[in-house]
Amino acid sequence: MVNQKTKAHIALIATNLFFAVNFTAVKFLINNGFINAFGLNLVRVFVTAVLFWILYFFKTNHTKIVKKDVGRFLLCALTGIAINQLFFIKGLSLTYSIHASLLLLITPILITIIASFLLKEKITSYKIIGLFLGILGALILILSKDTAGNAANAVLGDVFVILNAISYTFYFVLVKPLMKIYNPIMILRVIFTIGFFMILPVCYNEFKIIPWQQYDVKAFATLALIAVAGTFFAYLFNIYGIKILGASIAGAYIYSQPLFAAIIAVSFLNEQISANKIIAAICIFAGVFISNKQKVSV
């Protein structure tokens, strides 16, 4: 029998593999004219919200939201679903998969810095150096001149991915107090539902022009992969991993995403591993490591 911790590690590997597959799957649908970025976002968020509601009806104990927490739930939906997802899909549609996967790694650095401000923690020299290295790595990617692969506007796409990371950072800080009170699956169900209605006015026009008649089995399978595996199961497995192993171990698995994403993008999108990408990756990885380093008392 596989024990619970082993299952949790497998779940976290699957989570980050699903997220990595998303990078190429999204590019495939958009590049081949099957869907636009905002239309895809609406499908993705709607399907995930519906699946979380299905889980809800299988549970017997349902927690009600306390009135004072309603505003925080709304902010979490705004930062974690509406702004975050809109910028991510749009940014990914414009840039390279490898760029997007590496730029998302600045999220742990931003969480460390922003949490320090909000929680009034001391900004250490380690955090400043880590932030500098993360920004340097991001700039190397943004300013690099890639020619392989398919990117309509890599610079704008990279900026959108960074804005997505900033929005997710605020979501991460805002949602932590709710995790101490409510069931994590319940939180995701609520914020995906609210988030769907938030993005509906922005995304509906692109949704209604989706050329469903052009879809073949491969296109439908790819869309299902993004909505079901790459969103619903990825979020669900990630929560399971955090519950069993803790946030630190679960967070460490994010570093596997660029490796998975690079292998898939090189294989299917003709992207290349250039010197600029390697240098940028080293800067960002170093930045994450240093920004989370604690001073040791002598």
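As the structure is a computational prediction, the values presented were derived from the model and not from experiment.

The secondary structure content of the protein amounts to twelve helices and zero strands. Counted from the first residue to the last, the protein has its helices and strands arranged as α-α-α-α-α-α-α-α-α-α-α-α. Every one of the 298 residues in the protein was classed for burial, and the buried ones make up 50%. Within the protein, contacts between residues separated by at least 24 positions form 90% of all contacts whose residues are at least 6 apart in sequence. As displayed, the protein has an accessible area near 14,900 Å², and 70% of this comes from carbon and sulfur atoms.

Here we take up the nonpolar core. Core analysis: the largest hydrophobic core is formed by 69 residues, its most contacted members being Ile35 and Ile191. When neighbours within four sequence positions are excluded, isoleucine 35 is seen to be in contact with Leu29, Ile30, Leu40, Val43, Ile210, Tyr215 and Leu223. If you look at the next biggest cluster of nonpolar residues, it comprises five residues, including Ala8, Leu12, Leu245 and Ala250.

A few words now on the side chain of aspartate 158. For aspartate 158, the position within the fold is in helix 7 (residues 154-179). The side chain of aspartate 158 sits in the buried core without any salt bridge; lysine 27 is the nearest counter-charge, 9.1 Å away.

Here we come to the packing of helix 2 (residues 37-58) against helix 9 (residues 217-245). Relative orientation of the contacting elements helix 2 and helix 9 amounts to 50°, with a least axis distance of 9 Å. Relative to helix 9, the element helix 2 lies oblique. Our pair here, helix 2 against helix 9, has a crossing hand that is right-handed. Mapping the contact onto sequence places Leu40, Val43, Arg44, Val47, Thr48, Leu51, Phe52 and Leu55 in helix 2 and Leu223, Ile226, Ala227, Val228, Gly230, Thr231, Phe232, Tyr235 and Leu236 in helix 9. A breakdown of the residues in the contact of helix 2 with helix 9 according to their chemical character gives 13 nonpolar, three polar and one charged.

A separate point is a nonpolar patch on the surface. Taken together, Val155, Val159, Leu163, Ile166 and Phe170 make up a surface patch of nonpolar side chains, about 340 Å² in accessible area. Along the chain, the position of valine 155 falls in helix 7.

For the coordinates displayed, the defined rule picks out 22 aromatic pairs. Ring geometry for phenylalanine 28 versus phenylalanine 34: centroids 6.0 Å apart, planes at 35°, classification tilted. Through a chain of ring-to-ring contacts, the aromatic side chains of Phe18, Phe19, Phe52, Phe192, Phe232, Phe233, Tyr235 and Phe237 assemble into a single cluster. Geometry around phenylalanine 38 places lysine 90 over its ring, the cationic atom sitting 5.7 Å from the centre. The ring centre of tryptophan 53 lies 4.8 Å from the NZ or CZ of arginine 189, which sits over that ring.

This part is about the environment of leucine 139. Here leucine 139 shows up in helix 6 (residues 125-143). Each C-alpha atom of the pair leucine 139 and valine 159 lies 9.9 Å from the other, and the pair is 20 residues apart in sequence.

Turning to helix 9, a few remarks are in order. Taking the largest bend as the criterion, helix 9 deviates by roughly 35°, centred on alanine 234. Looking one or two places after helix 9, you find glycine 246, whose phi comes out positive at around 100°.

Turning our attention to the side chain of arginine 44. Tracing the sequence through the fold places arginine 44 in helix 2. Despite its burial, arginine 44 remains without a salt bridge, the nearest opposite charge being carried by glutamate 206 at 13 Å.

Looking now at the packing of helix 2 against helix 8 (residues 184-207). The packing of two helices is summarised by the inter-axis angle and the distance between the axes. Where helix 2 meets helix 8, the axes come as close as 8 Å, and the angle between the chain directions of the two elements is 150°. When the interaxial angle is binned, helix 2 and helix 8 end up roughly antiparallel. Seen along the crossing, helix 2 lies across helix 8 with a hand that is left-handed.

We now examine the environment of isoleucine 191. Here isoleucine 191 lies in helix 8. The exposure class of isoleucine 191 is buried, given its relative accessible area of 1%. For the pair formed by isoleucine 191 and alanine 49, sequence separation is 142 residues and the distance between their alpha carbons is 8.5 Å. When neighbours within four sequence positions are excluded, isoleucine 191 is seen to be in contact with Phe73, Cys76, Ala77, Ile81 and Tyr171.

A separate point is the pattern of salt bridges. Within the structure shown, the criterion is met by one salt bridge. Among the ionic pairs, aspartate 69 bridges to lysine 68, the shortest N-O distance being 3.4 Å.

Each value, and the rule that gives it
Residues numbered from 1 in each chain as written. Predicted model: local features only at pLDDT ≥ 70, side-chain atom pairs only at ≥ 80, totals over all residues. Heavy atoms only, no water. Helix = DSSP H or I, 4+ residues; strand = E, 2+ residues; numbered from the N terminus. Buried < 20%, exposed > 50% of the residue type's maximum accessible area, 1.4 Å probe, protein only. Contact = heavy atoms within 4.5 Å. Areas by Shrake-Rupley, 256 points an atom, 1.4 Å probe, with all protein chains shown as cover. Core = buried A, V, L, I, M, F, W, Y, C linked by side-chain atoms within 4.5 Å. Lys, Arg positive; Asp, Glu negative; His and termini not counted. Salt bridge = Lys/Arg side-chain N within 4 Å of Asp/Glu carboxyl O. Axes fitted to C-alpha atoms, helices over the stretch in contact; angles between N-to-C directions. Parallel < 35°, antiparallel > 145°, perpendicular 65-115°, else oblique. Left-handed = near helix turned anticlockwise from the far one by under 90°. Nonpolar A, V, L, I, M, F, W, Y, C, P; charged D, E, K, R; others polar. Patch = residues over 30% accessible without salt bridge, like charges linked within 9 Å, V, L, I, M, F, W, Y side chains within 5 Å. Phe/Tyr/Trp six-rings, centres within 6.5 Å; stacked < 30°, edge-to-face > 60°. Lys NZ or Arg CZ within 6 Å of the ring centre and 35° of its normal. Bend = angle between axes of the 7 residues up to and from the residue.

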